[in-house]
Each structure stands twice: as structure tokens, then as C-alpha cells.
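Fold and geometry: a report
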Amino acid sequence: MVQRTDEQHAEKMKKKQAAHDKIMAGKTVEKGLLIVHTGKGKGKTTAALGMVVRAIGHGKKVGVVQFVKGAMTTGEKVVFDAFPDQVEFKPMGEGFTWNTQDRARDIALSREAWEEVKRMVADPAYDMVLADELNIVLRYDYLPLDEVLEVLTARGEMKHVLVTGRNAPEALMDAADLVTEMTLVKHPFRSGVKAQAGIEF
């Protein structure tokens, strides 16, 4: 490996900064984003909840609706409960579909949760709305994709909407401004390690 002098390093960083500044000068648009976190890897909800925390830090009002995970107590609920004026946190699921084994009930609960998402998306008081595990609901056809796309794409100009879950529909990813696919490389669950507080919930 070639060792650079301090002067060479400084010159290289100066060129990088100039290139970066030129790129940034052309980025002037500010708008509400439709963000999708999908893929088989861990971290979809975790990353979205991180954005929620960041929004709280900027004084934003956020709505969080969980389509699947409402059956368990989570660490994020304790945190969000400390910001009642900024976060409306609604865990509305009863667990994964293989836990409930009742398609009609899953559809009914999905509809209830979706109505909450629709309300929050339509309400200008909310700066950000997280529809956690909505992709799972769409995968099992518990809600019509066309209806979901219509609501999400007609959101207010500055409203951010986050959608998480595996197997995001292509049409949703096409409509999104930002799509991140979490790739599974390694997971402790495969080695017999159970879900743990502060990591998975």
C-alpha cells in the first residue's frame, strides 16, 4: 500500500470536498418521502423506528401503526410513551398470521389498522407516519394494494410515510422515493438464540 504524505492526503480531501459541494449544490428539493424497508434481513422496523426517534428530536409529530406486532410488549412503546404530544403509537396486531390462524380476524384487524394509517396520512398535524409490517398484510392480500397505493401517493406534499415488512410489492417500491432492502447475511436465531429485549423488541 502506498503511504501518502499529509500534504497529499489534504489535497485529496480538498478535491473530494469540492466534488461533494458541487453535488450538494444541485440538491434543492425538499418533499415528503415514501420510504420502504423490505428484505429478509433484520432491521426493517428498527431502522424505521430510528427515523421516528430522529423526527421526535426535531419536534415533529409522528404516527406509528403496527399491523403485526401488537401482541408483544416492546421497548419502543416505553420510549414513545414519554412523548405523548409527539407520538401516537398504536400496536394493533395480534401477532403473525401463523399465530392467529384466523384469516377473517387477520383481515378485520388489518382493516382497522389501515383505517388508522389513513387517518394519520390525511391529518396535516402528522409529519411522519410509520405503517409497520404493512408489506406482510399486502403479501397475504388482507388489503387491496390499489387502495393502499392511492392513499400513500396522494399524501400531503411534506408528509413522510414509512412502510416496512418483507416482500414489498413491486408497485409499492416503484411508487416509493426510497427503498432499502435488508439482506440477511447472518442471524443469531439460526444458532438457537431467541429474540431478546433491546435487540428484537
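Residues numbered from 1 in each chain as written. Predicted model: local features only at pLDDT ≥ 70, side-chain atom pairs only at ≥ 80, totals over all residues. Heavy atoms only, no water.

1. Structural notes on the sheet that holds strand 3 (residues 87–91)
Ordered in space as 3-2-4-5-1-6, the 6 strands form an open sheet in which the pairing is parallel. One side of each edge strand has no neighbouring strand; the edge strands of this open sheet are strand 3 and strand 6 (178–181). Strand-to-strand twist of the sheet, defined as the mean angle between neighbouring strand axes without regard to direction, takes the value 10 degrees. Packing against the sheet, helix 2 (residues 44–57) makes contact with strand 1 (34–38), strand 2 (62–66), strand 3, strand 4 (128–132) and strand 5 (160–164), and its axis sits at approximately 160 degrees to strand 4. (Pairing = 2+ DSSP bridges. Helix = DSSP H or I, 4+ residues; strand = E, 2+ residues; numbered from the N terminus. Axes fitted to C-alpha atoms, helices over the stretch in contact; angles between N-to-C directions. Contact = heavy atoms within 4.5 Å.)

2. Brief notes about the pattern of salt bridges
With the rule as written, the count across this model stands at 11 salt bridges. Of the charged contacts in the structure, one is a salt bridge between Asp177 and Lys31, with a shortest N-O distance of 2.8 Å. In this pair, Asp177 sits in the loop between helix 8 (170–175) and strand 6 while Lys31 sits in the loop between helix 1 (6–25) and strand 1, placing the two residues 146 residues apart along the sequence. For Lys31, a relative accessible area of 34% gives the class partly exposed. For Arg155, the salt bridge goes to Asp177, with nearest N and O atoms at 3.2 Å. With Arg155 in the loop between helix 7 (145–153) and strand 5 and Asp177 in the loop between helix 8 and strand 6, this pair connects stretches of sequence that are 22 residues apart. Arg155 sits in the buried class, given a relative accessible area of 14%. The exposure class assigned to Asp177 is partly exposed, which follows from its relative accessible area of 38%. (Salt bridge = Lys/Arg side-chain N within 4 Å of Asp/Glu carboxyl O. Buried < 20%, exposed > 50% of the residue type's maximum accessible area, 1.4 Å probe, protein only.)

3. Here's the deal with the nonpolar core
In globular proteins that are soluble, nonpolar side chains generally tend to be buried together. Counting 29 residues, the largest nonpolar core has Phe67, Trp114 and Leu134 as the members making the most contacts within it. Going through the elements one at a time, strand 1, helix 5 (103–122), strand 4, helix 6 (134–139), helix 7 and strand 5 are the ones with two or more residues in this core. Ranked by residue count, the leading element in this core is helix 5, at 5 residues. Aside from chain neighbours lying at most four places away, what touches Leu134 is Phe67, Trp114, Leu143, Val148, Val163 and Thr164. (Core = buried A, V, L, I, M, F, W, Y, C linked by side-chain atoms within 4.5 Å.)

4. Section: the pairing of strand 5
A regular strand carries its side chains on alternate faces of the sheet. Strand 5 sits mainly inside the fold: 4 of its 5 residues count as buried. Across 4 bridges, the pairing between strand 4 and strand 5 is parallel. The residue of strand 5 that forms the bridge with Leu130 is Leu162.

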